[in-house]
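Residues per chain, in single letters:
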Amino acid sequence: MLEPVADGFRNWQKKDYVVQPEELLLDRAQLMGLTAHEMTALIGGLRVLGTNHGGSPQGVFTDRVGVLSNDFFVNLTDMAYTWKPTGKNSYNIVERKTGKTRFTASRVDLVLGSNSILRAYAEVYAQDDNRAKFVRDFVAAWTQVMNADRFDLML
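So, here's what we can say about the structure. Just so you know, these numbers come straight off a predicted model, no measurement behind them. (Residues numbered from 1 in each chain as written. Predicted model: local features only at pLDDT ≥ 70, side-chain atom pairs only at ≥ 80, totals over all residues. Heavy atoms only, no water.)

### Details of the pairing of strand S3 (residues 81-85)
- Here S3 runs beside strand S4 (residues 91-95); their pairing, made up of five bridges, is antiparallel. Residue pairing for S4: Tyr81 is matched across the bridge by Glu95. (Pairing = 2+ DSSP bridges. Helix = DSSP H or I, 4+ residues; strand = E, 2+ residues; numbered from the N terminus.)

### Here's the deal with the sheet that holds S4
- Strand order in this open sheet of three strands is S3-S4-S5, and the pairing throughout is antiparallel. The open sheet terminates on both sides in strands that have one partner only, identified here as S3 and strand S5 (101-105). Ignoring strand direction, the axes of neighbouring strands in this sheet form an average angle of 30°. (Axes fitted to C-alpha atoms, helices over the stretch in contact; angles between N-to-C directions.)

### Focus: the packing of helix H2 (residues 36-48) against helix H5 (residues 116-126)
- Packing of H2 against H5 leaves a shortest axis separation of 10 Å and a crossing angle of 55°. Considering their axes alone, H2 and H5 lie oblique with respect to each other. Note on packing geometry: the crossing formed by H2 with H5 is right-handed. Along the contact surface, H2 presents Ala36, His37, Met39, Thr40 and Ala41, while H5 presents Leu118, Tyr121, Ala122 and Tyr125. (Parallel < 35°, antiparallel > 145°, perpendicular 65-115°, else oblique. Left-handed = near helix turned anticlockwise from the far one by under 90°. Contact = heavy atoms within 4.5 Å.)

### Observations concerning the pairing of S5
- Relative to S5, S4 is paired through four bridges, and the arrangement is antiparallel. Among the inter-strand pairings, Ile93 is bridged to a residue of S5, identified as Phe103.
- Where S4 folds back on S5, the antiparallel hairpin that results is connected by five residues, among which Gly99 adopts a positive phi of roughly 80°.

### Remarks on the nonpolar core
- Phe9, Leu42 and Phe61 are the most contacted members of the largest nonpolar core, which has 31 residues in total.
- For this core, the secondary structure elements donating two or more residues are helix H1 (21-31), H2, helix H3 (71-77), S4, S5, helix H4 (107-114), H5 and helix H6 (131-146).
- Top contributing element to this core by residue count: H2, with six residues.
- Setting aside residues no more than four positions away along its own chain, Leu42 makes contact with Phe9, Met32, Leu34, Phe138, Ala141, Trp142 and Val145. (Core = buried A, V, L, I, M, F, W, Y, C linked by side-chain atoms within 4.5 Å. Buried < 20%, exposed > 50% of the residue type's maximum accessible area, 1.4 Å probe, protein only.)

### Some remarks on the side chain of Asn52
- Its location among the elements puts Asn52 in the loop between H2 and H3.
- Polar contacts involving the side chain of Asn52 include one to the main-chain carbonyl oxygen of Ser56, which spans 3.0 Å.
- The residues touching Asn52, leaving out its near neighbours within four places in the chain, are Arg10, Asn11, Arg47, Pro57, Gln58 and Val60. (Polar contact = N/O pair within 3.5 Å; in protein donor to acceptor, adjacent residues only side chain to side chain.)

### Some remarks on the packing of aromatic side chains
- Scanning all chains against the criterion turns up nine aromatic pairs.
- Ring centres of Tyr81 and Phe103 lie 6.1 Å apart, and the angle between their planes is 75°; on these two criteria the pair is classed as edge-to-face. With Tyr81 in strand S3 and Phe103 in strand S5, the pair connects residues that are 22 residues apart, well separated along the chain. Both residues of the pair, Tyr81 and Phe103, count as buried. (Phe/Tyr/Trp six-rings, centres within 6.5 Å; stacked < 30°, edge-to-face > 60°.)

### Quick notes on unusual backbone geometry
- The backbone of Asn11 shows a phi angle near 55°, a positive value even though the residue is not glycine.
- Here Asn11 lies in the loop between strand S1 (6-7) and strand S2 (12-13).
- For Asn11, a relative accessible area of 14% translates into the label buried.

Function cannot be read off these values alone, since they describe shape.
Shown next, in the form of structure tokens:
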């Protein structure tokens, strides 16, 4: 009963469900007590760090995997790319000029660019002058999640 059915933070889903992957992500984020901007920062940071389930490259919008950078948001919001569906939960991120596939993505990745509220947070993190803000927000969200079951820290 406690076995997870999906983890949008790591781009993993046990099987296809009637519920969309992004809805399962929102459910998990709510259970973890994350706000929309904390969820957005956490997903972007985990993608560029390359922490996807099974080492999948889906959603890793960077050439510097393992470096905590805002590359995920820069490439997600870049109008030089278009999103082409390749399956039920997979997309190619294609360069508009050349038609060359640059990255691959899931619905969870692209909801950060298509939902108006999440897109606003993504655009803030994509700005050159907000790289440090992204890192601070990611670290704060990561710390919150890691300390969530630490009852020794509660007052």
